[in-house]
Amino acid sequence: MFSNFVLLLFSFTTFLCCVSSCDFNCPDKPVLTPSTLVVKYGDPASAICVACQQACLPLHETIISMEASVGNTAKDGTTLTWRVDSFTEWDLTPKCFYTDVDNHQCCTHLPVVVYQPPENVSISLNHNGPLTEHTEYILQCSVLNVAPARNLVVTFYRGQTQLGQKRATSTTEEPVNESFTLSFNTSKEDNGAQFWCEAKLELGAEGPQPPPVVKSDNLTATVYYGPKLKVPANPIPIDIARGETLNLTCLADGNPNPLYNWSLPSKKGHHSEPILTIESVDFQDAGQYVCTVRNSVNTAQVTFNVNVKVDPTIYIIVAVILAVILIAAGAVLFYFFYYKQNKMGEYQLKDVFRLGTRHQLIPQSS
């Protein structure tokens, strides 16, 4: 440990006194593995540096070192192994370098990303209580204690449907609290929907796979919307026979549940059900029926036009009776005016019972 500190101090003194600058573009520059170190705050980490292929040889005439404020470095020829037991530095850029016999220093930086998943993610609305259909509201996703914020991506969801994504603009390395907003317009389909958000740290190929994700709890939306009719607002006119039962249906969906009120041409009582029934309609029941459906959001109406007609069965019965009367009258007339005059006369009883004898009609005397 002491020897490493002496070597680091000597390298730093050499750099200040004799080296004009650190060359990051030299042909045979140090190669670090990984090329970018991604480590969770508090976790151990390590990196390997191969200082050169030929330019830093012979070793006794060059300086090879890993410059970092934390960790230990082990040297094996041109290879350096740097280890940190617990990474607690938020802003750190180690450097692997060598200085050749001509005091030319060749360097490679090791980019380090120290991350911390969100401590908590929550979702809220800019409104208390039920929402109203066709109104714009704002969802807010709050992310607590996350780093680095520049790698943070927040996604809003409705159920399993993605509504939108937001990215942080903060450049700080240390943990911060971030809030993201998304506006949306409500519809009746949003009633009972689950809204939520997730915060993801996208740390690239060198980072953990899959990326760290923290989700919020679900926010259940209650949306008030006006009555939506399930029947036509102006159905075709209804023809019904006098004495039959009239059924009119006026159904609607709404939140809060809608109330019904019927206006009848006969002014018969008060009706507040979605289905109106009138037993044995009469002529005074003909006319316009208006069903009004309302809740705290809106009002809708259905208008029925009803025509009451005489039952055709009566006409059929009357027609049958008249037909029977006419047939009977015709039969009587036929009997008196034709059959009686041409077929009736006097017969002798002995001739009637005489077999094989032709009976002759004896005209009646006047």
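Everything below is about the structure shown above.
These numbers were taken from a predicted model, which means no experiment stands behind them.

In terms of helices and strands, the protein chain carries 3 helices and 27 strands. Expressed as a percentage of the 366 residues in the protein chain, the buried residues total 33%. Put simply, 66% of the contacts in the protein chain that link residues at least 6 apart link residues at least 24 apart. Summed over its atoms, the accessible surface of the protein chain is roughly 21900 Å², and 53% of this surface lies on carbon and sulfur atoms.

Here we come to the environment of threonine 169. Its place among the elements puts threonine 169 in the loop between strand S15 (161-167) and strand S16 (176-185). Through-space distance from the C-alpha of threonine 169 to that of asparagine 151 is 9.1 Å; in sequence the pair is 18 residues apart.

Here we come to a nonpolar patch on the surface. On the surface, Ile317, Val318, Ile321, Leu322 and Ile325 cluster together into a nonpolar patch covering about 450 Å² of accessible area. Following the sequence through the fold, leucine 322 ends up in helix H2 (residues 312-343). You can call leucine 322 partly exposed: its relative accessible area is 47%.

This brings us to the state of the cysteines. Taken as a whole and assessed by the stated rule, the structure comprises 6 disulfides. Here cysteine 26 pairs with cysteine 106 through a disulfide, and the sulfurs are 1.5 Å apart. Torsion about the S-S bond of the cysteine 26 and cysteine 106 cystine: about 50°, corresponding to right-handed handedness. Of the two residues, cysteine 26 is situated in the loop between strand S1 (22-23) and strand S2 (31-33) and cysteine 106 in strand S9 (residues 105-109); the sequence distance between them amounts to 80 residues. In this model cysteine 141 forms its disulfide with cysteine 197; the gap between the sulfur atoms is 2.1 Å. Taking the torsion about the S-S bond as the criterion, the cysteine 141 to cysteine 197 disulfide, at about 80°, is right-handed.

Criteria and cut-off values
Residues numbered from 1 in each chain as written. Predicted model: local features only at pLDDT ≥ 70, side-chain atom pairs only at ≥ 80, totals over all residues. Heavy atoms only, no water. Helix = DSSP H or I, 4+ residues; strand = E, 2+ residues; numbered from the N terminus. Buried < 20%, exposed > 50% of the residue type's maximum accessible area, 1.4 Å probe, protein only. Contact = heavy atoms within 4.5 Å. Areas by Shrake-Rupley, 256 points an atom, 1.4 Å probe, with all protein chains shown as cover. Patch = residues over 30% accessible without salt bridge, like charges linked within 9 Å, V, L, I, M, F, W, Y side chains within 5 Å. Salt bridge = Lys/Arg side-chain N within 4 Å of Asp/Glu carboxyl O. Disulfide = S-S within 2.5 Å.

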